[in-house]
Amino acid sequence: MDYTWDLHKEAERSDFAKRILRGEATKEEYTKYLYNLLAIYDPIEFSARRQGFFDNMPGVERLKPLYEDFLELDTGEQYQLVPSVIEYHDYLVKLANDPLRRHLIKAHVYVRHTGDLNGGQVLKRRVAHMSAGKMYDFENLDMLKENIKEMVTEDLGPEARLGFIYAIRMMRELGGE
């Protein structure tokens, strides 16, 4: 979706994203990242599943493997959600419960899951020294990419931009920017 390309590139330029992409994130940093992702994926996948958006996408759901990756690294420490993730989670829950707008959850599926299907394959290699990276394992990679692409329409552009803005804010907060 060309509508989000500028924000996609901006997300990759945050210091935290750069550290992950270079394989320099610490185990603690990556665990905090996964913990925050859990709060994002839960409402997205709950809403998408309830609306039938995943019916033709077996294996696209990431919450379970994400949780497994988190547990693999969890030391029992108390982790905190960064402010943007708390705000985003609340927004997603409200969106999922709004009968006139809940279809917009597709834009958030696009932002998060397309990222996992594409860039996640690079991330899996970068975190291999500390995690199995199960959240980046897909059996039908090309089919899932195509099905998400077919689900996304241009009218979802503004909502997808919002998803990227929240992603950028999360990365900056996790990186202490």
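Residues numbered from 1 in each chain as written. Predicted model: local features only at pLDDT ≥ 70, side-chain atom pairs only at ≥ 80, totals over all residues. Heavy atoms only, no water.

**Section: the overall build of the protein chain**
Logical step 1: Looking only at helices and strands, the protein chain features 9 helices and 0 strands.
Logical step 2: Traced from its N-terminal end to its C-terminal end, the protein chain shows the element sequence α-α-α-α-α-α-α-α-α.
Logical step 3: C-alpha atoms of the protein chain, sized along the principal axes, occupy 40 × 35 × 30 Å.
Logical step 4: For the protein chain, the proportion of its 177 residues judged to be buried stands at 46%. (Helix = DSSP H or I, 4+ residues; strand = E, 2+ residues; numbered from the N terminus. Buried < 20%, exposed > 50% of the residue type's maximum accessible area, 1.4 Å probe, protein only.)

**Comments concerning the nonpolar core**
Logical step 1: By size, the foremost hydrophobic cluster in this structure holds 55 residues, and its most contacted members are Y30, Y33, L34, L37, I40, I148 and M170.
Logical step 2: Setting aside residues up to four positions removed in sequence, I40 forms contacts with V85, Y88, L92, R112 and M170. (Core = buried A, V, L, I, M, F, W, Y, C linked by side-chain atoms within 4.5 Å. Contact = heavy atoms within 4.5 Å.)

**Observations concerning the environment of M143**
Logical step 1: Within the secondary structure, M143 sits in helix α8 (residues 141–151).
Logical step 2: Along the primary structure M143 and M57 are separated by 86 residues, whereas in three dimensions their C-alpha atoms are 7.9 Å apart.
Logical step 3: With residues up to four places along the chain from it excluded, the contact list for M143 reads N56 and P58.

**Structural notes on the environment of N140**
Logical step 1: Counting through the fold element by element, N140 comes out in the loop between α7 (120–126) and α8.
Logical step 2: Owing to a relative accessible area of 31%, N140 belongs among the partly exposed residues under this scheme.

**Side note on the pattern of salt bridges**
When their charged atoms lie close together, side chains carrying opposite charge are able to pair.
Logical step 1: Taken as a whole and judged by the stated rule, the model has 11 salt bridges.
Logical step 2: Among the salt bridges present, the one from R172 reaches E10, with a minimum N-O distance of 2.7 Å. Of this pair, R172 sits in helix α9 (residues 157–174) while E10 sits in helix α1 (residues 5–12), and the two are 162 residues apart along the sequence.
Logical step 3: Of the residues examined, R172 reaches a relative accessible area of 35% and is grouped as partly exposed.
Logical step 4: Across the pair K124 and D137 runs a salt bridge whose closest N-O atoms are separated by 3.0 Å. Taken as a pair, K124 in helix α7 and D137 in the loop between α7 and α8 lie far apart in primary sequence, 13 residues in all.
Logical step 5: Owing to a relative accessible area of 38%, D137 belongs among the partly exposed residues under this scheme. (Salt bridge = Lys/Arg side-chain N within 4 Å of Asp/Glu carboxyl O.)

**A look at the packing of helix α3 (residues 27–50) against helix α4 (residues 63–73)**
Logical step 1: Between α3 and α4, whose axes approach to 9 Å, the crossing angle comes to 155°. The orientation of α3 relative to α4 falls into the category roughly antiparallel. The hand of the α3/α4 crossing is left-handed. Of α4, the residues touching α3 (which contributes K27, Y30, T31, L34, Y35, L37, L38, Y41, D42 and E45) are L63, L66, Y67, D69, F70 and L73.
Logical step 2: Grouping the constituent residues of the contact of α3 with α4 by class yields 11 nonpolar, 1 polar and 4 charged. (Axes fitted to C-alpha atoms, helices over the stretch in contact; angles between N-to-C directions. Parallel < 35°, antiparallel > 145°, perpendicular 65-115°, else oblique. Left-handed = near helix turned anticlockwise from the far one by under 90°. Nonpolar A, V, L, I, M, F, W, Y, C, P; charged D, E, K, R; others polar.)

**With respect to the side chain of R112**
Logical step 1: Tracing the backbone through its elements, the reader meets R112 in helix α6 (residues 105–117).
Logical step 2: The buried charged residue R112 lacks any salt bridge partner; its closest oppositely charged side chain belongs to D116, at an N-O distance of 5.3 Å.
Logical step 3: When neighbours within four sequence positions are excluded, R112 is seen to be in contact with Y33, L37, I40, Y41, I44, A167 and M170. (Lys, Arg positive; Asp, Glu negative; His and termini not counted.)

**Some details on the confidence of the model for the protein chain**
Logical step 1: A residue-level look at the protein chain finds 99% of positions with pLDDT of 70 or above and a mean pLDDT of 94.
Logical step 2: No element of the protein chain has a lower mean pLDDT than α1, which averages 84, and none a higher one than helix α5 (residues 83–96), which averages 98. (pLDDT = per-residue confidence, 0-100.)

**Observations regarding the layout of surface pockets**
Logical step 1: Counted as a void, the largest pocket has a volume near 670 Å³.
Logical step 2: Around the largest pocket, the lining comprises 29 residues; the ones closest to its centre are H8, E12, G115, G119 and F164.
Logical step 3: No other element matches α6, which puts 6 residues into the lining of the largest pocket.
Logical step 4: Taken together, the residues that form the lining of the largest pocket break down as 18 nonpolar, 7 polar and 4 charged. (1 Å grid on protein atoms, 1.4 Å probe; cavity = no way out; pocket = protein on both sides within 12 Å on 5 of 7 lines; lining within 4 Å. Points joined across faces, edges and corners; volume = space filled by probe spheres on them.)

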